[in-house]
Amino acid sequence: MTHRARLTNTYSGTWEIYVVTDSPYPRDWPTHRFGASAAIPTLAQRDTALAALGYEADTSAEWDWQELPSGYMDYVELLASLDVRPAGTEAAA
(Lines give C-alpha, C1' and ligand atoms only; values in the text may rest on other atoms or scores of the structure.)
Protein backbone atom coordinates (compact mmCIF):
# COMPACT_ATOMS: atom_id res chain seq x y z
CA MET A 1 0.00 0.00 0.00
CA THR A 2 1.39 3.37 -1.02
CA HIS A 3 1.02 6.50 1.10
CA ARG A 4 2.24 10.04 0.64
CA ALA A 5 4.99 11.50 2.83
CA ARG A 6 5.16 15.26 3.17
CA LEU A 7 8.04 17.44 4.27
CA THR A 8 7.16 20.97 5.33
CA ASN A 9 8.59 23.95 7.16
CA THR A 10 6.67 26.05 9.66
CA TYR A 11 6.71 29.72 10.57
CA SER A 12 9.00 28.90 13.51
CA GLY A 13 11.60 27.42 11.14
CA THR A 14 10.91 23.82 12.17
CA TRP A 15 11.01 21.13 9.51
CA GLU A 16 8.79 18.09 9.86
CA ILE A 17 8.00 15.02 7.83
CA TYR A 18 4.74 13.12 8.15
CA VAL A 19 3.04 10.25 6.36
CA VAL A 20 -0.58 10.70 5.30
CA THR A 21 -2.27 7.42 6.23
CA ASP A 22 -5.85 6.19 6.03
CA SER A 23 -6.67 7.85 9.35
CA PRO A 24 -8.93 10.87 8.87
CA TYR A 25 -7.19 12.55 11.81
CA PRO A 26 -3.85 14.24 11.03
CA ARG A 27 -2.84 13.89 14.69
CA ASP A 28 -2.71 10.11 14.07
CA TRP A 29 -0.30 10.38 11.13
CA PRO A 30 3.30 9.28 11.85
CA THR A 31 5.38 12.46 12.28
CA HIS A 32 9.04 13.34 12.79
CA ARG A 33 10.21 16.85 13.66
CA PHE A 34 13.74 17.81 12.66
CA GLY A 35 13.92 20.91 14.84
CA ALA A 36 14.46 24.55 13.97
CA SER A 37 16.85 25.05 11.07
CA ALA A 38 16.98 27.16 7.95
CA ALA A 39 18.50 24.22 6.07
CA ILE A 40 16.25 21.76 4.29
CA PRO A 41 16.82 18.25 5.68
CA THR A 42 19.07 16.24 3.39
CA LEU A 43 17.92 13.15 1.50
CA ALA A 44 19.77 10.99 4.03
CA GLN A 45 18.07 12.75 6.95
CA ARG A 46 14.67 12.32 5.29
CA ASP A 47 15.33 8.62 4.60
CA THR A 48 16.41 8.10 8.22
CA ALA A 49 13.29 9.85 9.52
CA LEU A 50 11.03 7.82 7.23
CA ALA A 51 12.72 4.59 8.36
CA ALA A 52 12.16 5.56 12.00
CA LEU A 53 8.47 6.01 11.14
CA GLY A 54 8.43 2.58 9.45
CA TYR A 55 8.35 3.74 5.81
CA GLU A 56 10.61 3.88 2.76
CA ALA A 57 10.43 5.56 -0.64
CA ASP A 58 8.38 3.70 -3.21
CA THR A 59 10.28 2.35 -6.21
CA SER A 60 11.59 5.21 -8.39
CA ALA A 61 9.71 7.83 -6.34
CA GLU A 62 11.07 11.39 -6.40
CA TRP A 63 10.39 14.37 -4.16
CA ASP A 64 7.94 16.90 -5.65
CA TRP A 65 8.35 20.48 -4.35
CA GLN A 66 5.80 23.29 -4.05
CA GLU A 67 5.94 26.83 -2.73
CA LEU A 68 2.92 28.00 -0.77
CA PRO A 69 3.24 31.80 -0.54
CA SER A 70 1.02 33.70 1.85
CA GLY A 71 1.65 37.04 0.16
CA TYR A 72 4.11 38.82 -2.09
CA MET A 73 6.45 39.93 0.72
CA ASP A 74 5.44 37.34 3.31
CA TYR A 75 6.75 34.02 4.51
CA VAL A 76 6.74 31.17 1.96
CA GLU A 77 6.01 27.66 3.15
CA LEU A 78 7.77 24.87 1.30
CA LEU A 79 6.04 21.53 0.86
CA ALA A 80 7.63 18.44 -0.62
CA SER A 81 5.90 15.11 -1.13
CA LEU A 82 7.00 11.58 -1.95
CA ASP A 83 5.23 8.25 -2.45
CA VAL A 84 6.21 5.85 0.33
CA ARG A 85 5.31 2.33 1.44
CA PRO A 86 5.70 0.45 4.70
CA ALA A 87 9.36 -0.53 5.12
CA GLY A 88 10.23 -4.02 3.96
CA THR A 89 7.27 -4.43 1.60
CA GLU A 90 7.63 -5.10 -2.09
CA ALA A 91 6.40 -2.62 -4.68
CA ALA A 92 3.14 -3.49 -6.36
CA ALA A 93 3.67 -5.23 -9.68
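Nothing here was measured: the structure is a model prediction, and the numbers come from that model. (Residues numbered from 1 in each chain as written. Predicted model: local features only at pLDDT ≥ 70, side-chain atom pairs only at ≥ 80, totals over all residues. Heavy atoms only, no water.)

Things to note about the nonpolar core
Convention followed: Definition used in this section: a nonpolar core is a set of buried Ala, Val, Leu, Ile, Met, Phe, Trp, Tyr and Cys residues joined via side-chain atoms within 4.5 Å. Working definition: with a 1.4 Å probe on protein chains only, accessible area under 20% of the residue-type maximum means buried, over 50% means exposed, and in between means partly exposed. Helix numbers and strand numbers start at the N terminus; a helix is a DSSP run of H or I with at least 4 residues, a strand a run of E with at least 2. In what follows, residue pairs with any heavy atoms lying within 4.5 Å of each other are defined as contacts.
One finds A5, L7, W15, I17, V19, A49, L50, Y55, W63, A80, L82 and V84 forming the largest nonpolar core, which totals twelve residues. At the level of secondary structure, the elements contributing two or more residues to this core comprise strand 1 (3–9), strand 2 (14–20), helix 1 (43–53) and strand 6 (76–86). If sequence neighbours within four positions are ignored, L50 has contacts with A5, I17, V19, Y55, W63, L82 and V84.

Points about the side chain of R46
Spelled out, the test is: Neither His nor the chain ends contribute to the count of charged residues, in which Lys and Arg are positive and Asp and Glu negative. One speaks of a salt bridge when a side-chain nitrogen belonging to Lys or Arg is within 4 Å of a carboxyl oxygen belonging to Asp or Glu.
For R46, the position within the fold is in helix 1. Buried charge without a partner: R46 forms no salt bridge, and the closest opposite charge is D47, 7.3 Å away. Sequence-distant contacts of R46, that is, excluding residues within four places in its chain, are made with L7, I17, F34, I40, P41, W63 and W65.

A short note on the pattern of salt bridges
If you walk through the whole model with that rule in mind, you get five salt bridges. A salt bridge links R85 to E56, with the nearest nitrogen and oxygen atoms 3.2 Å apart. Of this pair, R85 sits in strand 6 while E56 sits in strand 4 (residues 55–57), and the two are 29 residues apart along the sequence. For R85, a relative accessible area of 12% gives the class buried. It is possible to trace a salt-bridge network through shared partners that takes in R4, D64 and D83.

Thoughts on unusual backbone geometry
Positive phi is not limited to glycine here, since S60 has a value of about 60 degrees. Looking at the element boundaries, S60 is found in the loop between strand 4 and strand 5 (64–69).

Quick look at the packing of aromatic side chains
Quick reminder of the rule: Stacked, tilted and edge-to-face are the three classes assigned to paired rings of Phe, Tyr and Trp, where Trp is represented by its six-membered ring and a pair needs centres within 6.5 Å; plane angles under 30 degrees give stacked, over 60 edge-to-face, the rest tilted. Two conditions define a charge sitting above a ring: the NZ of Lys or the CZ of Arg must be within 6 Å of the ring centre, and it must be within 35 degrees of the ring normal.
Applying the stated criterion across every chain yields a total of one aromatic pair. When the centroid spacing of 5.8 Å and the interplanar angle of 10 degrees are considered together, the rings of Y18 and W29 count as stacked. Taken as a pair, Y18 in strand 2 and W29 in the loop between strand 2 and strand 3 (31–36) lie far apart in primary sequence, eleven residues in all. Look at W29 and you get buried, because its relative accessible area is 16%. Against the face of Y25 rests R27, its NZ or CZ located 4.7 Å from the ring centre. The ring of W63 carries the charged tip of R46 above its face, separated from the ring centre by 5.0 Å.

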